[in-house]
Amino acid sequence: MQALALNDPAAFGQEFMRQTQLQGFGSLTKRDLELLIFVLLERDGAIDRAASNHAAAAQLRVTPAKLKALRRDGYARWRQLAAEPPEAALPRILATVLTAENLRAGARHVSERSRKEGFLAVRVEHPDDLARFEQAILDVGALPVYERNREVVAVRFDTLLRLAERGGHLQPDPQAVARELRKLAPAAQEVADLLRKDLDQLRWEDVRNALNALGARAVAGGLEGGVRSVLRVAFPFLG
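Nothing here was measured: the structure is a model prediction, and the numbers come from that model.

Thresholds, definitions, all that
Residues numbered from 1 in each chain as written. Predicted model: local features only at pLDDT ≥ 70, side-chain atom pairs only at ≥ 80, totals over all residues. Heavy atoms only, no water. Helix = DSSP H or I, 4+ residues; strand = E, 2+ residues; numbered from the N terminus. Buried < 20%, exposed > 50% of the residue type's maximum accessible area, 1.4 Å probe, protein only. Contact = heavy atoms within 4.5 Å. Areas by Shrake-Rupley, 256 points an atom, 1.4 Å probe, with all protein chains shown as cover. Lys, Arg positive; Asp, Glu negative; His and termini not counted. Charge placed at Lys NZ, Arg CZ, Asp CG, Glu CD. Pairing = 2+ DSSP bridges. Polar contact = N/O pair within 3.5 Å; in protein donor to acceptor, adjacent residues only side chain to side chain. Phe/Tyr/Trp six-rings, centres within 6.5 Å; stacked < 30°, edge-to-face > 60°. Lys NZ or Arg CZ within 6 Å of the ring centre and 35° of its normal. Salt bridge = Lys/Arg side-chain N within 4 Å of Asp/Glu carboxyl O. Core = buried A, V, L, I, M, F, W, Y, C linked by side-chain atoms within 4.5 Å. Expected span 1.5 Å × (residues − 1). Axes fitted to C-alpha atoms, helices over the stretch in contact; angles between N-to-C directions. Parallel < 35°, antiparallel > 145°, perpendicular 65-115°, else oblique.

### Structural notes on the overall build of the protein chain
Each helix and strand in the protein chain was counted, giving 13 helices and 2 strands. Over its C-alpha atoms, taken along the principal directions, the protein chain stretches across nearly 70 × 35 × 35 Å. Classification of the 239 residues of the protein chain by burial places 45% in the buried group. Sequence separation of 24 or more characterises 66% of the internal contacts of the protein chain that already satisfy a separation of 6 or more. A total of about 12,400 Å² of accessible surface is found on the protein chain, and carbon and sulfur atoms cover 52% of it. Of the side-chain charges in the protein chain, 35 are positive and 31 negative, and the distance between the mean point of each set is 4 Å.

This is the structure we're talking about:
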């Protein structure tokens, strides 16, 4: 197993010294120091924040349960060291969790009935990222739903679409989105109905309804190209 190595040892050391002095030398408990070191390791990138709890635990030679507690308690205690505005945090989280591999893994934890109702299973292992994702869902007026695993959130495709709109990620030009949908699913009835309209008079609501319908069908497994293809229209940064 590769040894843990800092990307910027000087910055790590300086921040560690700064925090121990700010708190008063010797006043931090063993747990405080443990959490401080952990958060600084993730901030440095020595431990990848996007890594699974199992992979990160292997780096530190601890159990996944211990690693999860470090992530949860570390950011609760030392939040100021990893300050990240919501508009930057959500794209980072979505880029991490909306991968094809992660969506396949999450699908095992949601029922077929939920998929048919347009619920996509999103697995978020990092406790702090999970809390941010849950709050983002609440902020657009929806509720996070759990079925078989508390790390897997069942979220409707239209909720993801609202997140894309709120974050300004979705292309605001309805004609441009219509062209993307035509390339994505030229044979889909939703696209055919959309393109029968006068493109110059196309309303954003028309495009949104078509995109949402395609997304729900993709989640249910009825669209060639799958969920990721539709998600890329809503979140271009997914690549």
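### Structural notes on the pairing of strand β2 (residues 152-156)
Counted residue by residue, β2 has 4 buried out of 5 residues, so it is predominantly covered. Pairing between strand β1 (residues 119-123) and β2: 5 bridges, direction antiparallel. Following the sheet pairing, Phe119 is matched in β2 by Arg156.

### Re the side chain of Arg71
With respect to the helices and strands, the residue Arg71 is situated in helix α4 (residues 64-77). By relative accessible area, which is 0% here, Arg71 ends up buried. In terms of polar contacts, Arg71 uses its side chain to reach the side chain of Glu42, at 2.8 Å. Every residue in contact with Arg71, bar those within four places of it in the chain, is listed here: Phe38, Glu42, Ile47, Asp48, Arg49, Ala51, Ser52, Asn53, Ala56, His126 and Pro127.

### Description of the packing of aromatic side chains
Summed over the entire model, instances satisfying the criterion amount to 1 aromatic pair. When the ring centre of Trp78 is taken as origin, the NZ or CZ atom of Arg77, which lies over that ring, is 4.1 Å away. Here the basic side chain of Arg156 rests over the ring of Phe119, its NZ or CZ set 5.8 Å away from the ring centre.

### What to know about the pattern of salt bridges
Counting across every chain of the model gives 25 salt bridges. Taking the shortest distance from any N to any O, the salt bridge between Glu151 and Arg123 comes out at 3.8 Å. Note that Glu151 is positioned in the loop between α8 (127-139) and β2 and Arg123 in strand β1, a separation of 28 residues in sequence. Per residue, the accessibility class of Glu151 equals that of Arg123, and both read buried.

### So, the nonpolar core
Taken as a class, soluble globular proteins show a tendency for nonpolar side chains to be buried jointly. One finds Leu98, Phe133, Leu181, Leu231 and Phe235 to be the most contacted residues of the largest nonpolar core, which totals 44 residues. It is helix α12 (residues 204-219) that provides the largest number of residues to this core, a total of 6 residues. The residues contacting Leu181, other than those within four sequence positions of it, are Pro186, Val191, Leu194, Val207, Ala210, Leu211 and Leu214. Among the nonpolar cores identified, the runner-up in size contains 18 residues, and Phe12, Leu28, Phe38 and Leu67 belong to it.

### Notes on unusual backbone geometry
Even without glycine at this site, Arg61 takes up a positive phi of about 60 degrees. Mapped onto the secondary structure, Arg61 falls in the loop between α3 (53-60) and α4.

### Focus: α12
The terminal C-alpha atoms of α12, which comprises 16 residues, lie 22 Å apart, in line with the 22 Å expected from a rise of 1.5 Å per residue. Taken together, the buried positions of α12 are Asp206, Val207, Arg208, Ala210, Leu211, Leu214, Gly215, Ala218 and Val219. Those residues of α12 that are buried lie in contact with α7 (112-116), β1, α9 (157-167), α10 (174-184), α11 (189-195) and α13 (226-234). A positive backbone phi angle near 90 degrees is found at Gly221, which sits one or two residues after α12.

### Some points on the pairing of β1
Of all 5 residues in β1, 5 are buried, a share of seventy percent or more. Burial along β1 is two-sided: Phe119, Ala121 and Arg123 facing one way and Leu120 and Val122 facing the other are all buried.

### Overview of the packing of α8 against α9
Think of two packed helices as two axes; the pair is described by the angle between the axes and how far apart they sit. The interhelical angle for the contact between α8 and α9, taken along N-to-C directions, is 90 degrees, at an axis separation of 9 Å. Considering the angle they form, α8 stands roughly perpendicular to α9. Between α8 and α9, the contacting residues are Phe133, Ala136, Ile137 and Asp139 on the first element and Thr159, Leu160, Leu163 and Arg166 on the second.

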